[in-house]
Amino acid sequence: MESENIRHETKLDSRDAPLTAPAIGLDPAPARILVKEVNWLGDVVMSLPALRAIRHAYPRAHLAVLIKKDLASFFDGARWIDEVIPYSVGRGLSGFFDRRRIVGEIRSRRFDLAVLFPNSFESALWITMAGIRRRAGFVADARGAMLTLKASPPPEALTGHQVSYWLAMVRATGVAAGSTDDFAIDVHGPNRERMREWLAANRKRPGRRVFAIAPAAAYGPAKEWPAESYGTLIDLLARREDAEVVLVGAPSERPKCEEVAAASKAGAMIAAGHTNIGELVALLSLCDGFIGNDSGCMHIAGALGLPTVAIFGSTNPHRTGPMGPKTRVIYRKLECSPCLARTCRFGHYNCLTQIEAAELANAIVAMSAPD
């Protein structure tokens, strides 16, 4: 059965090939590979080097990605992926039938290798029930017996940047070897054109610089710089640079974006709720810079090569800082930081409130200045 999601396009061309062959790889080489992707946008970005390592190791294989439906458009422009299989799981009885359908879809495609980026028991159960003979992943969540290519995370994978975690997994299981700097994001042309039209229809000062701001974070308020501070930042950028701001995020984050826009005198365009993930990638690629919390949007902006100023509060930038050549982290390492909590146990959020709008404005203006 052929999926409507299969991309009938050329695989990796010579420009995408690694300079040297990977140090490891499976024998016999797999012909059909399924990668179960992670479940959060920022993690998808950070897992890209591991996914590209698999592509480089097996350039002739059919490479498919199994990913949550709301994240699937992230791969709209990735011609080096042959197939994207989106899925969703409902609650209650509908969830049971959804899981049966997912396993059936996987089984029908006759993959001979599955690589699990998530550590969940359920992801291992799906590919085991689907009859995939070789199953690779880290041993976690009592799933070791279901894996045929398995390893435990080495210490450096648990303490270094998260991007190294999935690279360590594909290497330790003998699947592939890759590089932490192989994280380029592909922008889908039609998405870019739609977002170019959206900007043209919503801008007030065409021709001036546009900065993207992501004021929300799914993890909680300990990662969110205050809305009134973002409002001050928008006004600073408008006054000093005659720049415009577009507020980005998930549909559920639109209320936060509206709160931020209302906190500024200059106002801002609000894209949250108007874009899927693929369109968000395209919109960010059209901006002159990005400022935001530790979030999926931040990871996309950095990996796109956009000048990116990242605000860190409760989380650890050494572990989840943005990747890319033009990134700067603003972080107040207090005695209680990083606490990794959703809310401040002291109630003051000093790690965030001590960061001034002028510091962020200065940083993004300097980073985005023409060479």
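Residues numbered from 1 in each chain as written. Predicted model: local features only at pLDDT ≥ 70, side-chain atom pairs only at ≥ 80, totals over all residues. Heavy atoms only, no water.

A. Spotlight on the nonpolar core. Core analysis: the largest hydrophobic core is formed by 74 residues, its most contacted members being Phe 74, Phe 75 and Phe 117. Counting residues per element, this core draws most heavily on helix H6 (residues 163–172), which supplies seven residues. Ala 227, Val 260, Ile 270 and Ile 291 belong to the second-largest nonpolar core, a separate cluster that totals 30 residues. (Core = buried A, V, L, I, M, F, W, Y, C linked by side-chain atoms within 4.5 Å. Buried < 20%, exposed > 50% of the residue type's maximum accessible area, 1.4 Å probe, protein only. Helix = DSSP H or I, 4+ residues; strand = E, 2+ residues; numbered from the N terminus.)

B. Geometry of H6. Of all 10 residues making up H6, seven are buried, and the element is well covered by its neighbours. Restricting attention to buried positions, one finds in H6 the residues Val 163, Tyr 165, Trp 166, Leu 167, Ala 168, Met 169 and Val 170. In this structure, the buried side of H6 is in contact with helix H1 (41–46), helix H2 (48–57), strand S4 (113–116), strand S5 (134–138), helix H5 (155–159) and helix H12 (317–320). Once H6 ends, the next one or two residues include Gly 174, with phi positive near 80°. (Contact = heavy atoms within 4.5 Å.)

C. Examining the environment of Ile 127 more closely. Mapped onto the fold, Ile 127 is located in helix H4 (residues 121–129). Residue Ile 127 is classed as buried on the basis of its relative accessible area of 2%. Placed 16 residues apart in sequence, Ile 127 and Phe 111 show a C-alpha to C-alpha distance of 9.4 Å. Leaving out residues up to four positions away in the same chain, Ile 127 has contacts with Leu 34, Ala 114, Leu 116, Ile 132 and Arg 135.

D. Highlighting the sheet that holds strand S10 (residues 289–293). Across the sheet, six strands lie side by side as S9-S8-S7-S10-S11-S12; this open sheet has parallel pairing. The open sheet has two free edges, formed respectively by strand S9 (269–270) and strand S12 (327–331), since each of these has just one partner strand. Sheet strands touched by helix H11 (residues 296–303): strand S7 (210–214), S10, strand S11 (308–312) and S12. Its angle to S11, the strand with the most contacts, is close to 150°. (Pairing = 2+ DSSP bridges. Axes fitted to C-alpha atoms, helices over the stretch in contact; angles between N-to-C directions.)

E. Looking closely at the sheet that holds strand S3 (residues 83–87). Strand order across the open sheet formed by six strands is S3-S2-S1-S4-S5-S6, with parallel pairing between neighbours. Strands with a single pairing partner mark the edges of an open sheet, and in this sheet they are S3 and strand S6 (149–151). Neighbour-to-neighbour, the strand axes of the sheet open up by a mean angle of 15°, direction not taken into account. Summarising the sheet, S5 and S6 pair through three bridges and their orientation is parallel.

F. Region of the structure containing the packing of helix H8 (residues 227–241) against helix H14 (residues 357–368). Where H8 contacts H14, the axes come no closer than 9 Å and their chain directions differ by 45°. Judged by the inter-axis angle, H8 sits oblique to H14. In the crossing of H8 with H14, the sense of the turn from one axis to the other is right-handed. Counting all contacts with H8, which are made through Ser 229, Thr 232, Leu 233, Leu 236, Leu 237, Arg 240 and Glu 241, the residues of H14 involved are Ala 357, Ala 358, Leu 360, Ala 361, Asn 362, Ile 364 and Val 365. Its residues assigned to classes, the contact of H8 with H14 comprises nine nonpolar, three polar and two charged. (Parallel < 35°, antiparallel > 145°, perpendicular 65-115°, else oblique. Left-handed = near helix turned anticlockwise from the far one by under 90°. Nonpolar A, V, L, I, M, F, W, Y, C, P; charged D, E, K, R; others polar.)

G. A look at the environment of Asn 316. Residue position: Asn 316 is located in the loop between S11 and H12. Each C-alpha atom, one on Asn 316 and one on Tyr 331, is 8.9 Å from the other, the two residues being 15 residues apart in sequence.

H. Region of interest: the packing of aromatic side chains. Inspection of the entire model under this criterion finds six aromatic pairs. Aromatic pair Phe 138 and Tyr 165: ring centres 5.0 Å apart, planes at 65°, arrangement edge-to-face. Taken as a pair, Phe 138 in strand S5 and Tyr 165 in helix H6 lie far apart in primary sequence, 27 residues in all. Tyr 165 shares its class with Phe 138; the two are buried. By the ring-pair criterion, three or more aromatic residues cluster together here, those being Phe 138, Tyr 165 and Trp 166. The residue whose ring lies beneath Arg 32 is Phe 111, and the NZ or CZ to ring-centre distance is 5.3 Å. (Phe/Tyr/Trp six-rings, centres within 6.5 Å; stacked < 30°, edge-to-face > 60°. Lys NZ or Arg CZ within 6 Å of the ring centre and 35° of its normal.)

I. Representation of unusual backbone geometry. Between Asp 27 and the following residue, Pro 28, the backbone shows a cis peptide bond with an omega angle of 5°. Secondary-structure assignment places Pro 28 in the segment before strand S1 (32–36). Backbone torsion omega between Ser 337 and Pro 338 reads -10°, so that peptide bond is classified as cis. Secondary-structure assignment places Pro 338 in the loop between S12 and helix H13 (350–353).

J. Representation of the confidence of the model for the protein chain. For the protein chain, mean pLDDT is 92; residues scoring 70 or higher make up 94% of the total. Note that residues 1–22 has pLDDT below 50 and, in this model, 36 contacts with residues that lie over four places away or in other chains. (pLDDT = per-residue confidence, 0-100.)

K. Highlighting the state of the cysteines. Taken as a whole, this structure holds zero disulfides when the rule is applied. With no disulfide of its own, Cys 257 has Cys 297 as its nearest cysteine by sulfur position, at a separation of 8.4 Å. Residue class for Cys 257 comes out buried when judged on its relative accessible area of 0%. The closest cysteine sulfur to the non-disulfide-bonded Cys 287 is located on Cys 297, 11 Å from its own sulfur. (Disulfide = S-S within 2.5 Å.)

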